[in-house]
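Below are the chains, spelled out letter by letter.
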Amino acid sequence: MERGSRSIRNIGLDLGKLGQRELEELSEFLEKVILESLDDVLTPTTDVQVTIELELSEHLDVSVDLTISSPTPLSPDVLARVDAALDKALEVFEGYVYQKHGRTNGAGETRDP
């Protein structure tokens, strides 16, 4: 089963300050936050692989590929909690990025594609 969602948020980044080193730092931070969020939801026997892709053009695109392997099928309740944990991790990431690289204008504007 493949599930996904997409949203576009303008948090007022100063993209001119983001280089390869900063993108690597952001990717590592997001991976850490995601794994910590999922620790509260999944059992220790569950294997989690996170792949993060950050692409910088006119804006910062963040793609997260999450693969979960479990010896038993995950219930709909657990899947919902995984989705909520991922949403929360992305909110924490957004705040971190804005705090480190944000501008004062345009913060928080959201639109669905």
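Residues numbered from 1 in each chain as written. Predicted model: local features only at pLDDT ≥ 70, side-chain atom pairs only at ≥ 80, totals over all residues. Heavy atoms only, no water.

## Some points on the nonpolar core
For clarity, the cut-off: The set of buried Ala, Val, Leu, Ile, Met, Phe, Trp, Tyr and Cys residues whose side-chain atoms join them within 4.5 Å is what this entry labels a nonpolar core. Whether a residue is buried, partly exposed or exposed follows from its accessible area with a 1.4 Å probe, protein chains only, as a fraction of its type maximum: under 20%, in between, or over 50%, in that order. The numbering of helices and of strands both runs from the N terminus, where a helix is a DSSP run of H or I of at least 4 residues and a strand a run of E of at least 2. Contacts are assigned to residue pairs with any non-hydrogen atoms lying within 4.5 Å of each other.
Leu26, Ile34, Leu38, Leu42 and Leu54 are the most contacted members of the largest nonpolar core, which has 23 residues in total. Broken down by secondary-structure element, the contributors of at least two residues to this core are helix H1 (20–39), strand S2 (47–56) and helix H2 (76–101). The leading source of residues in this core is H2, at 8 residues. Among all residues touching Leu42, those that are not within four sequence positions of it are Val48, Ile68, Val78 and Val82.

## With respect to the confidence of the model for the protein chain
The cut-off we apply is this: Residue-level confidence of the predictor is summarised by pLDDT, bounded by 0 at the bottom and 100 at the top.
Overall, the prediction assigns the protein chain a mean pLDDT of 80, with 78% of residues at 70 or greater. When the elements of the protein chain are averaged for pLDDT, strand S4 (residues 109–111) gives the smallest value, 39, and H1 the largest, 94. Across residues 104–113 the pLDDT falls below 50, and counting only partners more than four positions away or on other chains, this stretch makes 23 contacts in the model.

## Let's talk about the packing of aromatic side chains
Put simply, the test is: Two rings from Phe, Tyr or Trp (for Trp, the six-membered ring) form a pair when their centres sit within 6.5 Å of each other. Planes less than 30 degrees apart are called stacked, planes more than 60 degrees apart edge-to-face, and all others tilted.
Throughout the structure, instances matching the rule amount to 1 aromatic pair. Centroid distance Phe29 to Tyr96: 3.8 Å. Interplanar angle 15°. Geometry classified as stacked. Here Phe29 is found in helix H1, whereas its partner Tyr96 is found in helix H2, with 67 residues between them in sequence. We classify Tyr96 as buried; its relative accessible area is 18%.

## A short note on the environment of Leu90
Examined against the element boundaries, Leu90 turns out to sit in helix H2. A C-alpha to C-alpha distance of 7.8 Å links Leu90 and Ile34, two positions 56 residues apart in sequence. Residues in contact with Leu90, not counting those within four places in the same chain, are Leu30 and Val64.

## Digging into H1
Worth spelling out the cut-off: Helices are assigned an expected span. That span is 1.5 Å times one less than the residue count. By arc we mean the arc of the directions from the helix axis to the C-beta atoms, nothing more.
Taking 1.5 Å as the rise per residue, H1 with 20 residues should run 28 Å; its terminal C-alpha atoms sit 29 Å apart, in good agreement. When we look at burial in H1, the residues that qualify are Leu23, Leu26, Ser27, Leu30, Val33, Ile34, Ser37 and Leu38. End-on, the buried residues of H1 take up no more than an arc of 130°, which puts them together on one face. With respect to the buried face of H1, the exposed residues turned more than 90 degrees away are Arg21, Glu28 and Asp39. Where H1 is buried, its residues meet S2, strand S3 (60–69) and H2.

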